[in-house]
Structures are given as structure tokens and as C-alpha cells.
Amino acid sequence: MTIKKIMVIGAGQMGGGIAQVSAQAGYDTVQYDINMDLVNKGLAVIEKNLSRDVSKGKKSKEDKAAILGRIKPSVKLEDAADCDLVVEAIVENFDIKKQVFSQLDQIAPAHAILASNTSSLPITQIAATTKRPEKVIGMHFMNPVPVMKLVEIIRGLATTDEVYKIIEEASIKMGKTPVWCKDVPGFISNRVLQVMINEALWELYEGVAPAENIDNIMKLGMNHPMGPCELADLIGLDTILSILNVMYDGYGDPKYRPSPLLKQYVQAGWLGRKTGKGIYDYRK
């Protein structure tokens, strides 16, 4: 099966980025969200990203126009009816994903692959909500999608070798480096990353050091491009809490227990850059 048309569910930070790299790879791309305001907001970010590439000489104006021309805005899930691959990139909530995958299973053609950009939820459990579990797979892109090279590919219990190979090839065509792993809570990336971020929040909670010191030690001492507190704000503290809860429930290991400070920030609505305030204040 050859992928020619891709639908991306969700036009937010991740979904918009996935739609951009899909269109850049030459795929006809449908950018879906629940209303046109959200779709247009996502398309505006894509246009801004491409304009930046043009100004830096990485793309021509013709390249930009061609990429945007391959993206079709949509507010109808029914537009998945002629797609070969659907990539879901919505909120990290299993009940909502279950509803979307159940609908897509009814709409998408029988040959279509259904992929999730979930950062922690079990692919096998998502696949079980469909009648095509062998065609369900995880495609965990990294943020920001147009820049980061990795795609973590997660094979569910029923995912076939053929489906994995198709997704591996599509990832490479999008300019990414695919790396596969088994379907375990947190996969590889977040099983390592979130423990570090959570430990930084425990240190902050215990008054070991202010956020700036924690970040500077990791950047200057460990050569990390961003400190864990900065990165937490970029990812979204609500997303981090959700991932930690999935791993804590999945493994029953106290090392994944979320910091009380993380819970408090989320309860306060201090979610990071997207709300203007998180561990750091971005409203100034």
C-alpha cells in the first residue's frame, strides 16, 4: 500500500507541525479540528513557519505556496473517507481518543492505517477500540515537529510488520528518523524524560534550588539545550502530569509519582507557555 493522502486530527502545536511535515513531504494533507477557528489558527502557524524558512533561504516562495496548496482545511471527520493514513494528535485523554478512533474506524477506507501521536497511552488499548487493530500504530513526533528529527514508532500487540514498514518509510519521507519500541507505558522517550522533569519539580518543591539554577546546571553541566523546568513549560505541565499518571498507574512504581508542586501548578491553571505562566512567567 502506498500512502498518497494523510489526514491529521488536531490543529494544535503537534497536529499543525505534523500537517506541515506531511505536506512538505509531498503528501496531500487534510488538517482537521473541531471548528474552523482552530484550523485557521493552526494554518497560520504553518504559514509563519514557512515564511521564516523563506526568509532564511531554506525554501523558495514557490516551495511555500506548493506546501500550503497541499493542505486542505477540514472540520469534518468524514474527510478521512479517502485517506491512506490518519494521524491523531489531540488531547492526551483515552476516552476522547477512543471516541475519535471508533469514528475513524467507521469512516476511513479498509486499507487505511490509523496512527496516534500519543506520548504515553497504550497503542494496544487504542487499537482495541477499532476493528482493525493490526492497522493501528503509534507515531510519536517530537516538539517542535518541523525541527525535531525523531519519530518514536510504537507497535501495538497486533500491529503487523507491513504496517510498521509503511509508517517507517513515510516517516523517512517526512525527513524524520524513525526509532521503534514496544508498547509500554511512556514508551522510551517519556519513560526517561519525565522522570528527569519530575525530579526537577521535586527539587523545586523541596526548595533545593530555584528553577533557574536547576536549568543552568543541566544546560551547562550536562549540555542539555533546555533545562527541565523550561522544557516542562514548553511541553505543558498538564501533559506532563497526564504522562506521569499513566506511567504511575501502568508500573505501580513510586519513582513515577508526580510532584505535589506539579499537581498544584495544574490545578492553578499554570500550564506553561501556552497559558502564559507555568514554572516561569511569560506574561512580562
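Residues numbered from 1 in each chain as written. Predicted model: local features only at pLDDT ≥ 70, side-chain atom pairs only at ≥ 80, totals over all residues. Heavy atoms only, no water.

The chain is annotated in an unreviewed UniProt entry as 3-hydroxybutyryl-CoA dehydrogenase from Syntrophomonas wolfei subsp. wolfei. The UniProt entry for the chain carries this comment under Pathway (unreviewed entry): "Lipid metabolism; butanoate metabolism." Per UniProt, the chain has the following entry under Sequence similarities (unreviewed entry): "Belongs to the 3-hydroxyacyl-CoA dehydrogenase family." (UniProt positions renumbered as here; feature names shortened; annotations may be inferred.)

**Q** Is there a simple way to explain the sheet that holds strand 4 (residues 85-88) in this structure?
**A** Each strand in a sheet pairs with another by means of backbone hydrogen bonds, the pair being arranged parallel or else antiparallel. Strand order in the open sheet formed by eight strands is 3-2-1-4-5-6-7-8, with mixed pairing between adjacent strands. Looking along the sheet, the strands with just one partner apiece sit at the ends: strand 3 (71-74) and strand 8 (177-182). The sheet shows a mean angle of 25 degrees between the axes of neighbouring strands, direction not considered. Contacts from helix 1 (residues 13-24) reach strand 1 (5-9), strand 2 (28-32), strand 3, strand 4 and strand 6 (136-141) within the one sheet, and its direction differs from that of strand 2 by about 165 degrees. (Pairing = 2+ DSSP bridges. Helix = DSSP H or I, 4+ residues; strand = E, 2+ residues; numbered from the N terminus. Axes fitted to C-alpha atoms, helices over the stretch in contact; angles between N-to-C directions. Contact = heavy atoms within 4.5 Å.)

**Q** Before we go on, may I ask you to explain unusual backbone geometry in this structure?
**A** Most peptide bonds take the trans form, and the phi angle of most residues other than glycine is negative. Cis peptide bonds are those with omega within 30 degrees of zero, and the linkage from N143 to P144 qualifies with 0 degrees. Within the secondary structure, P144 is located in the loop between strand 6 and strand 7 (150-155). Of note in the backbone geometry, F187 takes a positive phi value of approximately 55 degrees without being a glycine. Structurally, F187 is set in the loop between strand 8 and helix 7 (189-206). Even without being glycine, N223 reaches a positive phi, approximately 65 degrees.

**Q** What is the right way to read a positive patch on the surface from this model?
**A** Together, K48, R52, K56 and K58 make up a region of like positive charge exposed at the surface. Following the sequence through the fold, K58 ends up in the loop between helix 2 (36-55) and helix 3 (61-69). (Patch = residues over 30% accessible without salt bridge, like charges linked within 9 Å, V, L, I, M, F, W, Y side chains within 5 Å. Areas by Shrake-Rupley, 256 points an atom, 1.4 Å probe, with all protein chains shown as cover. Salt bridge = Lys/Arg side-chain N within 4 Å of Asp/Glu carboxyl O. Lys, Arg positive; Asp, Glu negative; His and termini not counted. Charge placed at Lys NZ, Arg CZ, Asp CG, Glu CD.)

**Q** Please explain the UniProt feature "binding site: NAD(+)" (unreviewed entry) in the chain as it appears in this structure.
**A** Taking the UniProt record as the reference, the feature "binding site: NAD(+)" (unreviewed entry) is found at G10, A11, G12, Q13, M14, G15, D33, E92, K97, S119, N143 and K274. Inspection of the secondary structure puts A11 in the loop between strand 1 and helix 1. Contact partners of A11, with chain neighbours within four places excluded, come to G16, Q31, Y32, D33, L38, V39 and G42. Its location among the elements puts S119 in the loop between strand 5 (113-116) and helix 5 (123-127).

**Q** Sorry if this is basic, but what is going on with the UniProt feature "domain: 3-hydroxyacyl-CoA dehydrogenase C-terminal" (unreviewed entry) in the chain here?
**A** Sequence positions flagged by UniProt for "domain: 3-hydroxyacyl-CoA dehydrogenase C-terminal" (unreviewed entry) are, in local numbering, residues 186-282. Along residues 186-282, the helical share is 64% and the strand share 0%, with 28 Å between the first and last C-alpha atoms.

**Q** Please clarify how the domain arrangement of the chain should be interpreted in this entry.
**A** Size of an interface, as often reported, equals the accessible area lost when the parts are brought together. Looking at the chain, the domain boundaries give domain 1 (5-182) and domain 2 (191-274). If you average the C-alpha positions of domain 1 and of domain 2, the two centres end up 27 Å apart. With six residues of domain 1 at the contact, the number on the domain 2 side is five residues. Of the roughly 440 Å² buried at the junction of domain 1 and domain 2 (both faces included), carbon and sulfur atoms supply 60%. (Domains from an automatic or database assignment. Buried area = accessible area lost by both parts, 1.4 Å probe.)

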